[in-house]
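Structure at a glance
So you can see what is in the structure, the chains are spelled out below.
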Amino acid sequence: QVQLVESGGGLAQAGGSLRLSCTASGMIFSISAMGWYRQIPGKQRELVALKSSGGTTNYAEFVKGRFTISRDNPKNTVYLQMTGLKPDDTAVYYCSASVRRWSIDLFQDYWGQGTQVTVSS
């Protein structure tokens, strides 16, 4: 199996910064995209940022210029540096990875357990 473990959430003040980390482990042959989504209670999960193994990035409009996604491919780790935080950024942030496992010839999506980010005004 594959596990994604997130860390780095917590409480920040408006205008502050937080850095999220997520490491994938298990029977991993390769990982294509890794990224971050968030979910506010009562709303659907939404994309925050995504980064391919080749380096292509995709950001939601509401985080452009404030958040930066990066990856350490040999460590199967993705980061989300969040700056200029706003109270509207308060949500549970989920890591995702599209993983090809050993002996399985397809990519499957895996999710972390989520980490709470709370931004106070």
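Note that this is a predicted model, so its numbers are computed, not measured. Once a new chain begins, its residue numbering starts again from 1 and follows that chain's sequence as written. Under the rules for a predicted model, residues below a pLDDT of 70 receive no local features and side-chain atom pairs below 80 are neither given nor counted, while totals for whole chains, interfaces and linings still include all residues. Side-chain metrics rest on all non-hydrogen atoms present in the structure, leaving aside hydrogens and water.

**Some thoughts on the environment of Val-119**
Helix numbering and strand numbering both begin at the N terminus, where a helix is a DSSP run of H or I of at least 4 residues and a strand a DSSP run of E of at least 2. By secondary structure assignment, the location of Val-119 is in strand 11 (residues 115–120). Relative accessibility thresholds used throughout: buried, under 20% of the residue-type maximum; exposed, over 50%; partly exposed, between the two (1.4 Å probe, protein chains only). In this structure Val-119 comes out as buried when scored by relative accessible area, which is 6%. With 10 residues separating them along the chain, Val-119 and Asp-109 place their C-alpha atoms 29 Å apart. The contact criterion used is simple: two residues touch if any of their non-hydrogen atoms lie within 4.5 Å. Sequence-distant contacts of Val-119, defined by excluding residues within four places in its chain, comprise Ala-12, Gln-13, Ala-14, Leu-85, Lys-86, Pro-87, Asp-89 and Thr-90.

**Remarks on the sheet that holds strand 7 (residues 67–72)**
In this description, strands pair whenever DSSP reports at least two bridges between them. The antiparallel open sheet is built from 4 strands, whose spatial order is 1-3-8-7. On the outer flanks of this sheet lie strand 1 (2–7) and strand 7, each paired with one strand and no other. Direction aside, the axes of adjacent strands within the sheet are offset by 15° on average. For strand 1 and strand 3 (residues 18–26), the ladder comprises 6 bridges, and the chain directions are antiparallel. Its bridge partner lying in strand 3, Gln-3 is registered against Ser-25. Between the N-to-C directions of two axes lies an angle of 0 to 180 degrees, each axis being a line fitted to C-alpha atoms and, for a helix, fitted only over the stretch in contact.

**A short note on the nonpolar core**
Each nonpolar core is a collection of buried residues, namely Ala, Val, Leu, Ile, Met, Phe, Trp, Tyr and Cys, held together in the definition by side-chain atoms within 4.5 Å. Core analysis: the biggest nonpolar cluster contains 29 residues, and Leu-4, Trp-36, Val-48, Phe-67, Leu-80, Met-82 and Tyr-93 have the highest contact counts within it. Mapped by element, the contributors of at least two residues to this core are strand 1, strand 3, strand 4 (28–39), strand 5 (46–51), strand 7, strand 8 (77–82), strand 9 (91–101) and strand 11. Per-element tally for this core: the top contributor is strand 9, with 5 residues.

**Thoughts on the environment of Ala-33**
You can see Ala-33 is positioned in strand 4. With relative accessibility at 21%, the residue Ala-33 sits in the partly exposed group. Through-space distance from the C-alpha of Ala-33 to that of Ser-98 is 5.4 Å; in sequence the pair is 65 residues apart. Dropping the residues within four chain positions of it, Ala-33 is found in contact with Leu-50, Lys-51, Ser-52, Arg-71, Ser-96, Ala-97 and Ser-98.

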